[in-house]
Amino acid sequence: SKSSLPHTDKTANKPKPKTKGNPHKEGIFSPIVVAAGSVLGQEQLNQIRAKAISLHSDIIKSFVDTSDSELGKSVLKQLFNIV
């Protein structure tokens with residue numbers, strides 16, 4: 001017996017692959033980054049940006065590592081209450 005449901009194209013519902021890279025070409029820090037690139041040069045700017053990203057990642061990791069402590073649990077509870 002045939003189904004009364006319409007035929008659907010299974011490829012139409014396939015999620016599109018994510019593109020790599022930052023889709024945001026301009027942001028609030030763009031003027032600072034452009035000026036810093038002009039003054040420091042692109043290579044030194046990239047080194048500074050890499051260091052800043054590394055420090056930021058370390059801070060996040062440190063915060064996550066405290067999530068099992070009493071202080072960490074208290075902070076997470078307050079953060080979840082805010083959002």
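Look above for the structure.
Residues numbered from 1 in each chain as written. Predicted model: local features only at pLDDT ≥ 70, side-chain atom pairs only at ≥ 80, totals over all residues. Heavy atoms only, no water.

Engineer: Account for the overall build of the protein chain, naming residues and giving values.
Structural biologist: Within the protein chain one finds three helices and zero strands. Listing every helix and strand of the protein chain by position from the N terminus yields α-α-α. Residue burial in the protein chain is summarised as follows: out of 83 residues, 5% are buried. A total accessible area of about 8,300 Å² is found for the protein chain, and carbon and sulfur atoms account for 62% of it. (Helix = DSSP H or I, 4+ residues; strand = E, 2+ residues; numbered from the N terminus. Buried < 20%, exposed > 50% of the residue type's maximum accessible area, 1.4 Å probe, protein only. Areas by Shrake-Rupley, 256 points an atom, 1.4 Å probe, with all protein chains shown as cover.)

Engineer: Can you lay out the packing of helix 1 (residues 30–40) against helix 2 (residues 42–65) for me, pointing to particular residues and giving the numbers?
Structural biologist: Across the interface, helix 1 lies against helix 2 with an axial gap of 7 Å and an inter-helix angle of 125°. Between helix 1 and helix 2, the crossing angle belongs to the class labelled oblique. Across the interface between the two elements, Val33, Ala36, Gly37 and Leu40 from helix 1 touch Gln42, Gln44, Leu45, Ile48 and Arg49 from helix 2. Here the residues of the contact of helix 1 with helix 2 are counted per class, giving five nonpolar, three polar and one charged. (Axes fitted to C-alpha atoms, helices over the stretch in contact; angles between N-to-C directions. Parallel < 35°, antiparallel > 145°, perpendicular 65-115°, else oblique. Contact = heavy atoms within 4.5 Å. Nonpolar A, V, L, I, M, F, W, Y, C, P; charged D, E, K, R; others polar.)

Engineer: Explain a nonpolar patch on the surface to me, and be specific about the residues and the numbers.
Structural biologist: Side chains of Ile60, Phe63, Val64, Leu79, Phe80, Ile82 and Val83 sit close together on the surface and give an oily, nonpolar patch of about 760 Å² of accessible area. Sorting the residues of the nonpolar patch by element identifies helix 2 and helix 3 (70–82) as the ones contributing at least two each. Following the sequence through the fold, Val64 ends up in helix 2. (Patch = residues over 30% accessible without salt bridge, like charges linked within 9 Å, V, L, I, M, F, W, Y side chains within 5 Å. Salt bridge = Lys/Arg side-chain N within 4 Å of Asp/Glu carboxyl O.)

Engineer: Tell me what's going on with the pattern of salt bridges, and back it up with residues and numbers.
Structural biologist: Counted by the stated rule, this structure contains one salt bridge. In this structure, Asp65 and Lys61 form a salt bridge, with 2.9 Å as the shortest nitrogen-oxygen distance. In this pair, Asp65 and Lys61 both sit in helix 2, four residues apart, roughly one turn of the helix. With respect to burial, Asp65 and Lys61 carry one shared label: exposed.

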